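# Structural features, examined
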Amino acid sequence: MKVYVQAARLRTLPLASASVLTAGALVFETMRQPAADVQAGVQAEAQAGAAPLLPLAAALLTVWLLQIMANFANDLGDAEHGADDHRQDRTVASGAIEKRHMKLAVVTLAVLALISGLATIWLAGASWLWALVGVGAMLGAYRYTAGDNPYGYAGWGDAAVVLFFGLLGVVGIAALVTSEFHATWLLPAWTLGAFATSVLNLNNLRDHTTDAVAGKRTLIVQHGFRWGVRYHGALLASGWLALGAMFLAMPGTWRGAPWYLLMVAVHFQHYQRVRKCKAADAATLDSELGRVALSTTVVALFLFLSQFNP
């Protein structure tokens, strides 16, 4: 069990939770909006209650299962393609878990995620067509580095993170729970997608040398280390700009402005360390991964708590 827990990489779960927390903030913000009764000329306030908590909790469990499944598939796929031959902390590459056992673990997590996803749809009272989205998410999680011609090895990992952590993770879950869609939701979706992509980018900056040897053509391998540093800054800056635009486009009860400014300062200091890093010292960026992931989760938690009003 110890090696399976290691392969699950539980430290990635807080970042996965950030999408659900942000979606939850949008759900409660939407419920708080007044609904106009045109015929009577009156307005009724939709009070945010505890009702959405059950589908949101089920969605959170589903996201956790999908993230662990993705981590298992990543461990398996990178071992199959030789990207982890130099790493003893990866369970399949080091021989701690056999490939056939890891494949079974991936299938098991996929089944559990499917069950949890179906429960989420049922609790939300949504269309069962959402199950197709869930199946797509599972295929995306597996095909990132596993199987023949994984898209993560062709430089599409960044786009996939924006899709799964941003559009589906934020807009998709909010739409599933509320049966609504608002274009302004795309702003926080980009924020979460950009911040999550910055975590992947740090990983790719750190591993750019070994990725190139293994044939893993990430954007960093294709465009170079210094390009990746500038790209990293653009991801963080655009994420904060999108969040600021959301506050302007959705004026409401978004409390905690000083705390957001503190997170901006954290990201600014983080980027200064990344900017000063040289390609030869890329391994030192490993310590920055946790900072960005945790700060992104904190921002999402601020958003959720500012709207949650049981």
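All of the points below concern the structure found in this document. (Residues numbered from 1 in each chain as written. Predicted model: local features only at pLDDT ≥ 70, side-chain atom pairs only at ≥ 80, totals over all residues. Heavy atoms only, no water.)

## Considering the packing of aromatic side chains
Keep this limit in mind: Geometry of aromatic contacts follows a simple scheme: Phe, Tyr and Trp rings, the Trp one being its six-membered ring, pair when their centres are within 6.5 Å, and the pair is stacked under 30 degrees between planes, edge-to-face over 60, tilted otherwise. Each helix is a run of H or I in the DSSP string that is no shorter than four residues. Each strand is a run of E no shorter than two, and both are numbered from the N terminus. We call a residue buried when its accessible area falls under 20% of the maximum for its residue type, exposed when it is over 50%, and partly exposed in between, using a 1.4 Å probe and counting protein chains only.
Taken as a whole and assessed by the stated rule, the structure comprises 12 aromatic pairs. Between Tyr4 and Phe72, the ring centres sit 6.3 Å apart and the planes meet at 75°, which makes this aromatic pair edge-to-face. Linking Tyr4 in helix α1 (residues 2-8) with Phe72 in helix α3 (residues 53-81), this pair joins segments that are 68 residues apart in sequence. For Phe72, a relative accessible area of 5% puts it in the buried group. Judged by centre distance (4.9 Å) and plane angle (20°), the ring pair of Trp227 and Tyr231 falls under stacked. Taken as a pair, Trp227 and Tyr231 lie in helix α10 (residues 225-249) at a separation of four residues, close to a single helical turn. When its relative accessible area of 18% is taken as the criterion, Tyr231 is described as buried.

## Points about the environment of Trp128
As a reminder, the rule being used: Contact definition: two residues touch when any of their heavy atoms are within 4.5 Å.
For Trp128, the location among the structural elements is in the loop between α4 (99-124) and α5 (130-143). Sequence separation of Trp128 and Val107 is 21 residues, and the distance between their C-alpha atoms is 22 Å. Contact partners of Trp128, with chain neighbours within four places excluded, come to Leu118, Ile121 and Trp122.

## Quick word on the environment of Leu262
One can find Leu262 in helix α11 (residues 257-276). By relative accessible area, which is 41% here, Leu262 ends up partly exposed. For Leu262 and Ser295, which are 33 residues apart along the polypeptide, the C-alpha to C-alpha distance reads 9.9 Å.

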